[in-house]
Structure formats: C-alpha cells, structure tokens
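Single-letter residue listing:
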Amino acid sequence: MSNLISLEKGFAVVDADERSYLENLRKEIFGLTRDIFKLPDSEPEAGLNNFHQTTQGMSLGELNKLRIELIQRITAECNVREVVFKAFEKNLRHLLGPDILAQKGTNLVLQPPGDPNPSELHRDAPANSPYELVVWVPMVNCYGTKAMYILDVDNTEKAFAHLDANPSDWDGFEKFAKSLSVTPPVTFGQALIFYTGCLHGSEINGENETRVSLNIRYKNLFSPSGLKNQLQFFSPLRISDVARLGSLLEARELQR
Ligand SMILES: O=C(O)CCC(=O)C(=O)O
Ligand SMILES: [Fe+2]
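Throughout what follows, the structure given in this document is the object of discussion. What you are looking at is a predicted structure, and each value in this text was computed from that prediction instead of being measured.

Thresholds applied
- Residues numbered from 1 in each chain as written.
- Chains lettered and ligands numbered in written order.
- Predicted model: local features only at pLDDT ≥ 70, side-chain atom pairs only at ≥ 80, totals over all residues.
- Heavy atoms only, no water.
- Helix = DSSP H or I, 4+ residues; strand = E, 2+ residues; numbered from the N terminus.
- Buried < 20%, exposed > 50% of the residue type's maximum accessible area, 1.4 Å probe, protein only.
- 1 Å grid on protein atoms, 1.4 Å probe; cavity = no way out; pocket = protein on both sides within 12 Å on 5 of 7 lines; lining within 4 Å.
- Points joined across faces, edges and corners; volume = space filled by probe spheres on them.
- Nonpolar A, V, L, I, M, F, W, Y, C, P; charged D, E, K, R; others polar.
- Pairing = 2+ DSSP bridges.
- Near = heavy atom within 4 Å.
- Polar contact = N/O pair within 3.5 Å; in protein donor to acceptor, adjacent residues only side chain to side chain.
- Areas by Shrake-Rupley, 256 points an atom, 1.4 Å probe, with all protein chains shown as cover.
- Sits in = over half its atoms within 2 Å of the grid points.

### Quick look at the environment of Val140
- Position of Val140 among the secondary structure elements: in the loop between strand 4 (132-138) and strand 5 (149-150).
- Take Val140: its relative accessible area is 0%, and that puts it in the buried class.
- Considering only alpha carbons, one finds Val140 and His52, 88 residues apart in sequence, at a separation of 14 Å.

Okay, structure coming up:
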C-alpha cells in the first residue's frame, strides 16, 4: 500500500519518507543552538528537550536576542526548505503537483515549559494563500501541551458559524473552538501537514521539556497567492519542464 496521505480533513500527521534528512537537520540545528546558547548536552534529543534548564535564568531580552541569532543562522546555513521538502517529498508532490514554491525563511518555535506566549488560536489564510500547506516539523517528540491543537475543516467551519452568531464574543469563540480541537501527538520523524484554512494554536507548555519545532510553507506555483506579497516570502523550489518551457517562451515573447 502507498503511504500517501489524504488531506480531506485539512490536516494529517505523516511519517518522513526518509528519516535521515530530519536527523541530519536536527544535528545541525542542535549544533547551532548549543553554540549560541552554550548548552551542556551533546545529544540532540536530550539537548533540545532540556533547553530551558540552561536558559531559565536569562532575561527575556537576552533570550530573544539569541533566538533571533539562531533563526538567522538556521536560515542562512541549514537549507530547511530543501531538506524538509525532501523528507516529505512524496506527499508534498502528491498534494501540490510538480511546480512548487517554498517559503524563503523558516520559522522556529522554542517553547520552554511555562512560556506565557503560546500561539493564539488563528488560521494562516487568508493572509497566506488558502492553496498553501504548512509543514510543522517537531525537532523533539511533541505530545499534550507540547504539541499543537488543530480543528479539521468541518470543525473550523462550525467554530466560525459560532463566531458569526456571536461576533463580539471572542472568548466564547476561543472556548468553543478549543472544545472542537484535537492535539495529535507528532513525534520526531513525522510532520503535521495542514491546509492554511484550519484553525490551530498552542497552549502554555505544561510538559517538563522544551518544545522545539519548525514550520514552513509550500504551494503550487500556479495557485493564487494570499493577501501578502507572495514574492517577498516565497521562491521557486521545483519547476517542471512544462512550466520552464512555457515561462521561457513567455519571457521571449515579452521582449519582442
Ligand atoms: O507552533 C505553533 O505553536 C504554531 C505554529 C503555527 O501557527 C503555524 O505553523 O502556522
Ligand atoms: Fe499558524
């Protein structure tokens, strides 16, 4: 049987085609994190899970400065968009087709236990294109409040119907939406792939380990963009022969 996923519900947890891509990526990310934050561990899984043990005394300002340095170095040195694509290539091609744009930068979430700023309930579209997929990739095993909650397409619809009926009651909306959500465990070696129309977010991490996760977006070159300027955030990752030939011809015609 093929291991291709269905995205009928708007999201799915998927195993990497090849785990070694993620293992190498995690080694690199852990190496940078260890250098920048001076972590004592030498093993990636334990080192990332124990991140908060080193940083709990740091001021928020210092923590943020180092976090930004880490994200810049990951973006410059790790080629996350290529590696994550390769790790989940079969499913991404199956879902998006042969002509693929990838987000230029990578988002890194470091969420120590008790961090008071989890991501609020939201969905990425329509600011992002509704034809885009988010690939949420944990660098450590994520479960319970260390993971992300999400509503499938039908439940997202139900939550918005509730908001339409009670437009000024954001708290009620949030409570109702969360009651319809699920929190699938996503272990290292897997990704949560979701369509940008699904409501999602995270709770304050109540586990005894830091959550370290990446999220990055892919879309078909020929699909409509969202409200943001697509070329600012995305660039081509894979282009089919048909699209390459077609765009060459169009470019030549423009010069005539
Ligand atoms: O990692 C999280 O808690 C939220 C990530 C998110 O909102 C996203 O990837 O779109
Ligand atoms: Fe999001």
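### Let's talk about empty space enclosed by the protein
- Tallied over the entire structure, the rule returns 1 cavity of 30 Å³ or more.
- The computed volume of the largest cavity comes to approximately 60 Å³.
- Taken together, Ala127, Asn128, Ser129, Glu132, Ser225, Gly226, Leu227, Lys228, Gln230, Phe233 and Phe234 make up the full set of residues lining the largest cavity.
- A per-class count over the lining of the largest cavity returns 4 nonpolar, 5 polar and 2 charged.

### Quick look at the pairing of strand 2 (residues 100-103)
- With burial as the criterion, each face of strand 2 is covered, one bearing Ile100 and Ala102 and the other bearing Leu101 and Gln103.
- Two strands pair when backbone bridges link them, and strand 2 and strand 8 (residues 211-220) are joined in this way by 3 bridges, in the antiparallel orientation. Within strand 8, the position partnered with Leu101 by the bridge is Lys219.
- Pairing geometry for strand 2 and strand 9 (residues 234-238), over 4 bridges, is antiparallel. The residue of strand 9 that forms the bridge with Leu101 is Pro236.

### Considering the site of ligand 1
- Near ligand 1 you find 13 residues, and of these Ser119, Asp124, Trp136, Arg211 and Arg217 are the closest.
- At a separation of 2.9 Å, an oxygen atom of ligand 1 approaches a polar side-chain atom of Trp136.
- Measuring from an oxygen atom of ligand 1, one finds a side-chain N or O atom of His200 at 3.1 Å.
- For ligand 1, whose accessible area on its own is 290 Å², the fraction buried by protein is 93%.
- Structurally, ligand 1 is housed in the second largest pocket.
- Among the secondary structure elements, those contributing two or more residues to the shell around ligand 1 are strand 4 and strand 8.
- Considering every element that reaches the shell around ligand 1, the biggest residue donor is strand 8, with 3 residues.
- Residue composition of the shell around ligand 1, grouped by class: 5 nonpolar, 5 polar and 3 charged.

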